[in-house]
Amino acid sequence: MCGIVGYIGSREIKSILIEGLRELEYRGYDSAGIAVMQEGSISAFKAVGKLSNLEEKTRSFHTQGPGVGIGHTRWATHGKPTELNAHPHMGEFSYVVHNGIIENYREIKEMLEELGVTFLSQTDTEVIVHLFEKEAKRWEDLFEAFQATIDQLDGAYAVLLITQKAPGTIFFARKGSPMIVGRNEKGEIFFASSDAPLIGEATEVAYMEDGTVGYARADEIVAHPQPLQFVPLSGDKLTAQKGGYRFFMEKEIYEQYDVIGDTMIGRVLDDDILFEELDEAFLDGVSRLKLCACGTSYHAALASSYLFERMAKMPVNVEIASEFRYKEPLLTDDTLFIVISQSGETADTLEALRMAKAAGLKTLAICNVDNSSIVRMADATILTRAGIEKGVASTKAFATQVMVLWMLTVFFAKKRGTLTDEAIREELRYMSYVPKVLQKSLEVHEKCKRLSKRYLHGHGFFFIGRDIFFPLALEGALKLKEISYLHAEGYPAGEMKHGPIALADAELFTIALMPKTLLYDKTKSNVEELSARDSTILSISPEMFELADDFILTHPHKHPMLEFFEMMVVEQLLAMEIAIRLGNDVDMPRNLAKSVTVE
């Protein structure tokens, strides 16, 4: 998730672009860059790290009079956070910024390389500018060349492009990634990934629809296939950053169906699964897995252990990193050591990875932040592509971790021959349904809001589930604890009679995860035992449970992972609404930090 800005006008262009990027820095801070064109000449600047580094680099650069500019703040998905990989990317006479993922960039890159084009970066974005310059030699009309370029791109993109062959013009395109154009009575035109950079600058804005392609210059904005519809712009910058949601956590819950799509782009195909990050020999000599993580990432690892053993037929151990460090673990050289971390800086996980490396194990990191300490240390890395997560209580980072691990399970099963081709295609088909499942699961938000008022007291919560829904129960309990400050515990449903059921009474709330695709009757029996002891039951299931005091009906599905993702959203929404009713700041809960960088 990156942020892009553009400007057409006569004010100090550099300042407009950098101030716009400052409002979008929450979308990415691996690197930043700008390109400014005046009188047909383009000046470009890029810097790694925070926006302040770009500011320092452009301190002596100033503009006067009319011109255009584009800018970008990056969250790496293809290529390390280096200056060469930072945007804008340049060709012979053009510069481009892009937010999104180009699925077919490898094919386009190979075609262009055969024509003699030299690439400087590792990114997918660079193909856009070179492809445009190829098309510009074929078409007399540059907008037709730009349209021909966009027509060849598969994936998600918001694109701004400037070229010396069209001074004063910004070409734009949008599909799957947000793009807004604004204007004011002074004739200035602005582009941005969200409202925040436009507030105080533009008086009216147009929210581009998918498939919009066009160009803008001082005297006109042209868009196809239909003209842009402008509306007045109002609001404040913080509200704009939150996308109109009350909290970043709420926004990030609602973003999950988008970021899961980003996680799968270029990896989940119709009949195959690809990880360009892993070479063909990566699994050679590997017969077992050890997964190591903390907190929410540990729950993702635990859920995946069921999948790895079931589909890839690999023995799996899951370790809490803070415990692993001191247990004098037995590490064998046939083990692939997988660490999972949102930030890539989790101290205990980093130290566990260091131990595995010292023991000579092959290592793999699943992480959201490129160039983090864990990513730099591991032999290979798969980025989750969740984008920046501002809320301390993880939501979309957990969703993307689980998605990557499911994908990795199928990838390993394919390499090991433990799933048939038809079974692999079926898993891929169900994976492709996940974004829609996540979107539809948001329909229960109002129900969660209404129910939340009934769960503000009592002496605690049990979250219970079986199989992959036990780790999900752990995660649901953790979410509630983190932001509501109410006591909650996750348990395997079958463990109730081994001690925890002694706590059951009318003041104990049981959140029961009851999927129809996996051990429904077993879980139902465990819930009946709790109900018989007067525990207050909230059933989350696609089937009505007659003994439940409350219920949240989910949609019927044919695959347990689809039920998993839908129930995950229900847990997140319920925890958030309970915490809001209690008057808590769900984005910054007490005593917690987003990244735990100390032991």
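Positions within a chain are numbered from 1, following the residues in the order the chain's sequence is written. Reporting in this predicted model follows two pLDDT cut-offs: at least 70 for local features of residues, and 80 or more for side-chain atom pairs to be given and counted; totals over whole chains, interfaces and linings ignore these cut-offs and use all residues. Each side-chain value is worked out from all heavy atoms of the structure, with water and hydrogens disregarded.

(A) A look at the pairing of strand 3 (residues 41-48). Strand pairing is assigned whenever DSSP identifies at least 2 bridges connecting the two strands. Secondary structure is summarised from DSSP: a helix means a run of H or I of at least four residues, a strand means a run of E of at least two, and numbering begins at the N terminus for each. As defined by bridge partners, strand 2 (residues 31-38) adjoins strand 3 across eight bridges and the pair is classed as antiparallel. Note on strand 3: the bridge partner recorded for Val 36 is Ser 43. Hairpin connection of strand 2 to strand 3: two residues between the antiparallel strands, including Glu 39 at a positive phi of 50 degrees.

(B) Local environment of the sheet that holds strand 1 (residues 3-9). Read across the open sheet, the eight strands follow the order 3-2-4-1-10-9-11-14; overall the sheet is antiparallel. One side of each edge strand has no neighbouring strand; the edge strands of this open sheet are strand 3 and strand 14 (231-232). Judged from the seven bridges that link them, strand 1 and strand 4 (residues 67-74) form a sheet pairing that is antiparallel. The residue of strand 4 that forms the bridge with Val 5 is Gly 71.

(C) Representation of the nonpolar core in the model. Buried Ala, Val, Leu, Ile, Met, Phe, Trp, Tyr and Cys residues that are joined via side-chain atoms within 4.5 Å together make up what is termed a nonpolar core. Residue exposure (1.4 Å probe, protein chains only): buried if accessible area is under 20% of the type maximum, exposed if over 50%, otherwise partly exposed. Ranked by internal contacts, the top residues of the largest apolar core, which has 96 residues, are Trp 406, Leu 408 and Phe 565. Ranked by the residues each element gives to this core, the list is headed by helix 18 (residues 560-581), at 14 residues. The contact definition used throughout considers only heavy atoms, calling two residues in contact when any of these lie within 4.5 Å. If we skip the residues at most four places from it in the chain, Leu 408 touches Phe 275, Leu 278, Phe 308, Ile 338, Leu 364, Ile 366 and Ile 382. By size, the runner-up hydrophobic cluster in this structure holds 28 residues, among which are Ala 145, Phe 146, Tyr 157 and Val 159.

(D) A look at the sheet that holds strand 5 (residues 89-90). Within the open sheet, the six strands sit side by side as 5-6-7-8-12-13. Their pairing is antiparallel. Edge strands, defined here as strands with exactly one partner in the open sheet, are strand 5 and strand 13 (220-224). The sheet contact formed by strand 12 (residues 212-217) and strand 13 spans five bridges and is antiparallel. Along strand 13, the bridge assignment pairs Arg 217 with Glu 220. Lying on the sheet, helix 4 (residues 126-136) is in contact with strand 5, strand 6 (94-102) and strand 7 (155-163); it crosses strand 6 at an angle near 130 degrees. For helices, the fitted line uses only the C-alpha atoms of the stretch in contact; every axis is such a line through C-alpha atoms, and the angle between N-to-C directions lies from 0 to 180 degrees.

(E) Spotlight on the packing of aromatic side chains. Only the six-membered ring of Trp is used, alongside the rings of Phe and Tyr, when aromatic pairs are assigned; centres must lie within 6.5 Å, and planes under 30 degrees apart are stacked while those over 60 apart are edge-to-face, with the rest tilted. Taken as a whole, this structure holds 23 aromatic pairs when the rule is applied. On the basis of an interplanar angle of 45 degrees and a centroid distance of 6.1 Å, the ring pair of Phe 132 and Phe 171 is categorised as tilted. With Phe 132 in helix 4 and Phe 171 in strand 8 (residues 170-175), this pair connects stretches of sequence that are 39 residues apart. With respect to class, Phe 132 is no different from Phe 171; both count as buried. For the ring pair Phe 564 and Phe 565, a centre distance of 5.8 Å and an interplane angle of 80 degrees mean the geometry is edge-to-face. Assigned by exposure class, Phe 564 and Phe 565 land together as buried. An aromatic cluster of at least three residues, connected via ring pairs, comprises Phe 132, Phe 143, Phe 146, Phe 171 and Tyr 215. Across from the ring centre of Phe 230, 3.7 Å away, lies the NZ or CZ of Arg 183, which sits over that ring. The ring centre of Phe 282 lies 5.4 Å from the NZ or CZ of Lys 362, which sits over that ring. Note on geometry: a ring has a charge over it if NZ (lysine) or CZ (arginine) is within 6 Å of the ring centre and within 35 degrees of the ring normal.

Just distances and angles here, no functional claims.
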